[in-house]
Amino acid sequence: MRLISGLIDKEVETLLKDQIIESCNAPTVSPVVMVKKKDGSYRMCIDYRRLNKVTIRERFAFIKPEEVTKMADWRNEYEALYRRKREEAKNQEGIM
């Protein structure tokens, strides 16, 4: 347990020094868990479950990229159809 505690302290100190993280006393701070990797070293993981409980979810879903693509394709087809109809109307005027 002391080994893991020492690893956490060392990792946190490095992250603070490199300004990747900063000190915080907020009620939503997340605990850290050290997970052993296949090679025997440890990886620091953050448990966000407590933060997720108090997070307010978006009420409106974001548009999926494939939906945007479909909308763009539809718009392009509509514009092409509109241009064709205008050309046909111009040609009809020229005939009369």
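A quick note: this is a predicted structure, and the numbers were derived from the prediction, not measured.

**Re the environment of Lys53**
Next up, step 1: One can find Lys53 in helix H2 (residues 49-54).
Next up, step 2: Note on Lys53: relative accessible area 73%, which makes it exposed.
Next up, step 3: When the C-alpha positions of Lys53 and Met34 are compared, they lie 22 Å apart, and in sequence the two are 19 residues distant.

**As for the pairing of strand E2 (residues 42-46)**
Next up, step 1: As defined by bridge partners, strand E1 (residues 32-36) adjoins E2 across 5 bridges and the pair is classed as antiparallel. When the bridges of E2 are listed, Val32 appears paired with Ile46.
Next up, step 2: Hairpin connection from E1 to E2: 5 residues lie between these consecutive antiparallel strands, with Gly40 at a positive phi of about 95 degrees.

**What to know about the environment of Val32**
Next up, step 1: Turning to its location among the elements, Val32 is positioned in strand E1.
Next up, step 2: Owing to a relative accessible area of 33%, Val32 belongs among the partly exposed residues under this scheme.
Next up, step 3: Spatially, the C-alpha atom of Val32 lies 5.8 Å from that of Cys45, the residues being 13 residues apart in sequence.
Next up, step 4: Once residues lying within four places of it in the same chain are set aside, the contact partners of Val32 are Met44 and Cys45.

**A short note on the pattern of salt bridges**
Next up, step 1: In total, this model carries 1 salt bridge according to the counting rule given.
Next up, step 2: Ionic pairing is found between Arg49 and Asp47, a salt bridge with its closest N-O pair at 2.7 Å.

**Regarding helix H1 (residues 2-17)**
Next up, step 1: Under the 1.5 Å per step criterion, the end-to-end length of H1 is 22 Å for 16 residues, consistent within 8% with the ideal 22 Å.
Next up, step 2: At the C-terminal side of H1, Gln19 shows a positive phi close to 60 degrees.

Basis of the calculations
- Residues numbered from 1 in each chain as written.
- Predicted model: local features only at pLDDT ≥ 70, side-chain atom pairs only at ≥ 80, totals over all residues.
- Heavy atoms only, no water.
- Helix = DSSP H or I, 4+ residues; strand = E, 2+ residues; numbered from the N terminus.
- Buried < 20%, exposed > 50% of the residue type's maximum accessible area, 1.4 Å probe, protein only.
- Pairing = 2+ DSSP bridges.
- Contact = heavy atoms within 4.5 Å.
- Salt bridge = Lys/Arg side-chain N within 4 Å of Asp/Glu carboxyl O.
- Expected span 1.5 Å × (residues − 1).

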